Amino acid sequence: SILAYDEKSGLLGGAVQSHYFCVGTSVLWAEAGVGIVATQALVNFEIGRSGLRLLSLGYDPDGAMGTMLASDEGRENRQTAFLDASGRFAVHTGRRCIREASHTLGRSCCAQANMMKKETVPLAMKKAFEGCSGPLETRLLAALKAAQAEGGDIRGMQSAAMVIVPTRRTGSPQTDKPLDLRVDDHKTPLDELERLMTLRRAYDLMDQADKALERNMTGEAMEFYGEAERLWPDNPEMRFWHGITLA
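Thresholds, definitions, all that
Residues numbered from 1 in each chain as written. Predicted model: local features only at pLDDT ≥ 70, side-chain atom pairs only at ≥ 80, totals over all residues. Heavy atoms only, no water. Buried < 20%, exposed > 50% of the residue type's maximum accessible area, 1.4 Å probe, protein only. Helix = DSSP H or I, 4+ residues; strand = E, 2+ residues; numbered from the N terminus. Pairing = 2+ DSSP bridges. Phe/Tyr/Trp six-rings, centres within 6.5 Å; stacked < 30°, edge-to-face > 60°. Axes fitted to C-alpha atoms, helices over the stretch in contact; angles between N-to-C directions. Contact = heavy atoms within 4.5 Å. Core = buried A, V, L, I, M, F, W, Y, C linked by side-chain atoms within 4.5 Å. Parallel < 35°, antiparallel > 145°, perpendicular 65-115°, else oblique. Left-handed = near helix turned anticlockwise from the far one by under 90°. Nonpolar A, V, L, I, M, F, W, Y, C, P; charged D, E, K, R; others polar.

Asker: Please clarify how the pairing of strand β8 (residues 109-113) should be interpreted in this entry.
Answerer: Successive side chains on a regular strand alternate, one facing one side of the sheet and the next facing the other. Where burial is concerned, most of β8 is hidden: five out of the five residues are buried. Here β8 shows two buried faces, one formed by Cys109, Ala111 and Ala113 and the other by Cys110 and Gln112. By the bridge criterion, three bridges tie strand β1 (residues 2-6) to β8 in an arrangement that is antiparallel. If you follow Leu3 over to β8, its bridge partner there is Cys110. Taken together, the four bridges between strand β7 (residues 102-105) and β8 define a ladder with antiparallel strand orientation.

In structure tokens form, the structure reads like this:
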């Protein structure tokens, strides 16, 4: 998994891939204006739930993670990462994780991996993230692809997930979690995740078109609808609303 901070956009992101069913519901825990927690290896849900609560109370990532692990008898079997709304990180890899389990910290990301063929996977993720340009979600996906190219999970592929939240809470469900995608069971989960990311961008463009229509800006709406169609030409939903607007 990887957690990352994009200072330019004011967004926090997390992404994960594993040979485990429905990994997105267990590993990544995120809250707008608070941060993101990753709990993996032998997953402890309480680290995610209570970790976010401690961050919301003002604990820094080191303090929040330390508090959670101090009371966790299975901490040496855990791998956890904390990222707060200020862009600070804390990472832990327990001594009882398999030998190749490791983590690495970058300037604006942390990558951690267990059940890997190679201990070099986190470094490959960090390099891919830092060497990629574009939106945060594009860089997160590049990191997951780099992990797979480095050897990935020794068990193969099954599920993946990505979540993005802003560093400041807005109070709107739509803007407080602008991206929340999960692939629960798939032969090539990263391909499916990338497909869903493209589809989400197309629907975002449709939303922008709808808002333009609310302001009676038909020309602008047509541009958004057209761009959505170009992204996903086989989806009848895009053509339908474009046609309704023309009518």
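Picking up after the structure, the text goes on.
Asker: Explain unusual backbone geometry to me, please; I cannot follow it from the model alone.
Answerer: For Cys22, which is not glycine, the phi torsion reads 55 degrees and is therefore positive. Mapped onto the secondary structure, Cys22 falls in the loop between β2 (11-18) and β3 (28-31). Of note in this structure, Asn216 is not a glycine but carries a positive phi near 60 degrees. Tracing the backbone through its elements, the reader meets Asn216 in the loop between α6 (189-214) and α7 (218-231). For Asn216, a relative accessible area of 69% translates into the label exposed.

Asker: I would appreciate a short explanation of the packing of aromatic side chains in the present structure.
Answerer: Note on aromatic pairs: each is described by the distance of the centres and the angle between the planes. Applying the stated criterion to the full structure yields two aromatic pairs. Summarising the aromatic geometry, the rings of Trp29 and Phe45 are spaced 5.8 Å apart at their centres and angled 85 degrees between planes, so their arrangement reads as edge-to-face. You can see Trp29 sitting in strand β3 and its partner Phe45 sitting in helix α1 (residues 45-56), a full 16 residues away along the chain. Geometrically, the ring pair formed by Phe240 and Trp241 is edge-to-face, given 4.9 Å between the ring centres and 80 degrees between the ring planes. Taking relative accessible area as the criterion, Trp241 reaches 33% and is therefore assigned partly exposed.

Asker: How should the sheet that holds strand β4 (residues 35-41) be read in this particular structure?
Answerer: The pairing of strands in a sheet comes from backbone hydrogen bonds and takes either a parallel or an antiparallel form. Read across the open sheet, the four strands follow the order β3-β4-β5-β6; overall the sheet is antiparallel. With partners counted over all chains shown, the strands left at the sheet margins are β3 and β6 (89-93), one partner each. Taking the axes of each pair of neighbouring strands and ignoring which way they run, one obtains an average angle of 5 degrees across the sheet. Alignment of strand β5 (residues 78-84) against β6, held across five bridges, turns out to be antiparallel. Following the sheet pairing, Thr80 is matched in β6 by His92. Strands in contact with α1 are β3, β4 and β5; relative to β4, the strand with the most contacts, it is inclined by about 160 degrees. Along the sheet face, helix α2 (residues 61-70) touches β5 and β6 and points at about 30 degrees away from the line of β6.

Asker: Just checking my understanding: could you explain the nonpolar core for this structure?
Answerer: Buried together is how nonpolar side chains tend to be arranged in soluble globular proteins. One finds Ile2, Met125, Phe129, Leu136, Leu140, Met162 and Leu193 to be the most contacted residues of the largest nonpolar core, which totals 27 residues. Among the elements of the structure, β1, β2, β8, α3 (121-131), α4 (136-149), β9 (159-166), β10 (179-183) and α6 are those that each provide at least two residues to this core. It is α4 that provides the largest number of residues to this core, a total of six residues. Formed by 19 residues, the second largest nonpolar core is a distinct cluster that contains Val23, Val91, Cys110 and Val163.

Asker: Please clarify how the packing of α7 against helix α8 (residues 236-246) should be interpreted in this entry.
Answerer: Axes are the key here: two packed helices are described by the angle between their axes and the distance separating the axes. In contact at an axis separation of 9 Å, α7 and α8 are set at 160 degrees when each is read in the N-to-C sense. With respect to α8, the axis of α7 lies roughly antiparallel. The crossing of α7 and α8 is left-handed. Contact with α7, carried on its side by Thr218, Met222, Tyr225, Gly226, Ala228 and Glu229, involves Met238, Arg239, Trp241, His242, Thr245 and Leu246 of α8 and no other residues of that element. Among the residues forming the contact of α7 with α8, the class breakdown is six nonpolar, four polar and two charged.

Asker: Help me out: how do you make sense of the side chain of Thr104 in this one?
Answerer: Topologically, Thr104 is positioned in strand β7. Thr104 has contacts with Cys109, Cys110, Ala111, Pro122, Leu123 and Lys126, leaving out every residue within four places of it along the chain.

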